[in-house]
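Each chain is listed here by its residues.
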Amino acid sequence: MAQKPAIPKGTRDFLPIEVARRNYIFDTIKQSFKNFGFLPIETPSFELSQTLMGKYGEEGDRLIFRILNSGDKQKKADIQALEEGNLPRFANSLSEKALRYDLTVPFARFVVQHQNDLSFPFKRYQIQPVWRADRPQHGRYQEFYQCDADVVGSDSLLYEVDFVQLFDEVLTNLGLPSFTIHINNRKILSGIAEVSGESDRLIDITVALDKLDKIGEEGVIKELTEKGVADSSIEKIKPLLTLSGSTKERIEIMRNYLSTSEIGLKGIEELLFVLDTVEKLGVEKANIVFDVTLARGLNYYTGAIFEVKADGVKMGSICGGGRYDDLTGLFGMPNMSGVGISFGADRIYDVLKELELFPKEVGQGLEVLFVNFGETEQAHCLPLVKDIRKNGISCELYPSKAKMQKQMKYANDIQVKYVAIVGENEIENNIIQLKNMETGEQEEVSVEELIMLVKK
RNA sequence: GAGGUUGUAGCUCAGUAGGUUAGAGCGUCGGAUUGUGGUUCCGAAGGUCGUGGGUUCGAGACCCAUCUUCCUCCCCA
């Protein structure tokens, strides 16, 4: 055998049944996006490096797939930088383009570039693959789809409310029995940093807080110490690690805690508005939890932040999102607040598969297969097939005369709903033996009756 | 980017302290059954043991490199 073919790590092929199931997820999400007034756009798979680099923090930059310059452009390579050991500069000289890392930053670029063609608030959705040079793991791929909905040009908190409802609608429609929307606000995190006297260590503090449920109270304290946060500040942060009570109670505690921080109180207010409004409207299957340790690494978030997890499944977050006040500012268009969310279709797929929540009919293909008895019968059946297809029913004639057993087995394997048997006798009487492959029942019908029967 | 783990037939895996022609189950194909599938019985095909080096009289097994898998960390969907 020749050397086995392979695909790069972190990528996958999809079988027909898998594509069908993925499309079911995409379609469900699209349906709700439309319901909420979002319209689709698309952007290129790759962007100029300068568009992406520096937008996701140091970690993010490392995970961006870069595209090697081709042809003569390779001559631009900065050999001097290589000799000096300046690898980033050397890499930049070799690569001017990169695969997109998410859909939000390209969207910000899109908004700035097309601002004259857009009406604000501008709402768009986008379902396209993104790439990350991450190490693959459970629920973690190098190529995966994001399903984003964003709105820019309004700082109204009603959009935060909308997105919470959108999470609820989509995941409920996909049949998830229980999931939790974690919600926090970057302003609260800024407030914490301010109150503890470490405003300039916002990122370090939030990253450490974010790990609470993983490394525990002591782990967080240890990490804070390592990052150089003063002991006196840690004492002020400590109480946050043991917050208990309902969401409302915890918010009240935080309100007191942040009483000297203007920005912190603003965050509390925003959070309360969103939670109260959502509560009045009601949700279906979502549990909504205020989580002061929720930080999210992406440093462009400035207001609300969301993260959704499926309950009872060992899987990272399946959705995320938040408000960013100045993403377009990075591309020269200030004062354009945006908020958006993202569904991780591939992780949702893994969750639905694990919980066996895909509807049975998803992925069912051919509806009627005609058995092939030979040339005469073939000639008789082909017009029937054509007729049935015209009525919107998927239909096919087995391509060659083979043993009936073989043809039936094929029908069984590809999960055909009905098998149509038309041999000498049936031609004579102008009928079709229609066998229901699920029940095994068989009846004699005309073409018209067949169409009626299969259609319902 | 750090550490660990995995790779043997299409799939899931055996393969003892290195020793003849590398096994099983499932699947595939053929037959029992020339107009009836998912069950049964019989038979067959299918592997330079991830790849490249090395040690050895001899390597699927040992060593090195590389790719891949899964996991922990980092980070994230």
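Scroll up a little and you will see the structure.
This one's a predicted model, so the numbers in the text were calculated from it and none came from an experiment.

## Notes on the overall build of chain A
Stage number 1. Helix and strand counts for chain A stand at 18 helices and 16 strands.
Stage number 2. Computed over C-alpha atoms, the radius of gyration of chain A comes to 28 Å, more than 25% over the 23 Å expected from 2.2 N^0.38 for 456 residues, which places it beyond the range of a compact globule.
Stage number 3. For the C-alpha atoms alone, the extent of chain A along its principal axes is close to 95 × 60 × 45 Å.
Stage number 4. The proportion of buried residues among the 456 residues of chain A is 49%.
Stage number 5. Considering only contacts within chain A whose residues lie at least 6 apart along the sequence, 70% involve residues at least 24 apart.
Stage number 6. Accessible surface, chain A: about 23500 Å² in total, of which carbon and sulfur atoms supply 50%.

## Describing the sheet that holds strand β4 (residues 97-99)
Stage number 1. Pairing is antiparallel in the open sheet, where three strands are placed in the order β2-β4-β3. Each edge of the open sheet carries a strand with a single partner, namely β2 (46-48) and β3 (66-67).

## As for the pattern of salt bridges
Stage number 1. Across all of its chains, the model carries 15 salt bridges by this definition.
Stage number 2. Asp150 is paired through a salt bridge with Arg124; the nearest N and O atoms lie 2.8 Å apart. Of the two residues, Asp150 is situated in strand β6 (residues 143-152) and Arg124 in strand β5 (residues 122-131); the sequence distance between them amounts to 26 residues.
Stage number 3. Relative accessible area serves as the criterion here: at 0%, Arg124 is assigned to the buried category.
Stage number 4. Here Arg201 makes a salt bridge to Glu198, at a shortest N to O gap of 3.1 Å.
Stage number 5. Given the relative accessible area of 26%, Arg201 is considered partly exposed.

## Observations concerning the nonpolar core
Stage number 1. If you look at the biggest cluster of nonpolar residues, it comprises 97 residues, and the most contacted ones within it are Ile25, Leu171, Ile192, Met254, Ile318 and Phe343.
Stage number 2. Looking at this core, the element that brings in the most residues is helix α7 (residues 158-173), giving eight residues.
Stage number 3. When residues no more than four places from it in sequence are discounted, the contact partners of Met254 are Ile188, Ile192, Leu240, Leu243, Ile268, Phe290 and Val292.
Stage number 4. Grouped together as the second largest cluster of nonpolar side chains are 19 residues, Leu384, Leu397, Ala420 and Ile432 included.

## What to know about the packing of aromatic side chains
Stage number 1. In the structure shown here, the tally under the stated rule is 16 aromatic pairs.
Stage number 2. Arranged with centres 5.2 Å apart and planes meeting at 50°, the rings of Phe26 and Tyr145 form a pair that is tilted. With Phe26 in helix α1 (residues 16-35) and Tyr145 in strand β6, this pair connects stretches of sequence that are 119 residues apart.
Stage number 3. An aromatic cluster of three or more residues is present, and its members are Phe33, Phe38, Tyr125, Phe163, Phe167, Phe306 and Phe343.
Stage number 4. One residue, Arg12, lies across the ring of Tyr141, its end atom 3.6 Å from the ring centre.
Stage number 5. Residue placement shows Lys123 over the ring face of Phe38; its charged tip is 4.6 Å from the ring centre.

Reading the values: rules and limits
- Residues numbered from 1 in each chain as written.
- Chains lettered and ligands numbered in written order.
- Predicted model: local features only at pLDDT ≥ 70, side-chain atom pairs only at ≥ 80, totals over all residues.
- Heavy atoms only, no water.
- Helix = DSSP H or I, 4+ residues; strand = E, 2+ residues; numbered from the N terminus.
- Rg over C-alpha atoms; globule rule 2.2 N^0.38 Å.
- Buried < 20%, exposed > 50% of the residue type's maximum accessible area, 1.4 Å probe, protein only.
- Contact = heavy atoms within 4.5 Å.
- Areas by Shrake-Rupley, 256 points an atom, 1.4 Å probe, with all protein chains shown as cover.
- Pairing = 2+ DSSP bridges.
- Salt bridge = Lys/Arg side-chain N within 4 Å of Asp/Glu carboxyl O.
- Core = buried A, V, L, I, M, F, W, Y, C linked by side-chain atoms within 4.5 Å.
- Phe/Tyr/Trp six-rings, centres within 6.5 Å; stacked < 30°, edge-to-face > 60°.
- Lys NZ or Arg CZ within 6 Å of the ring centre and 35° of its normal.

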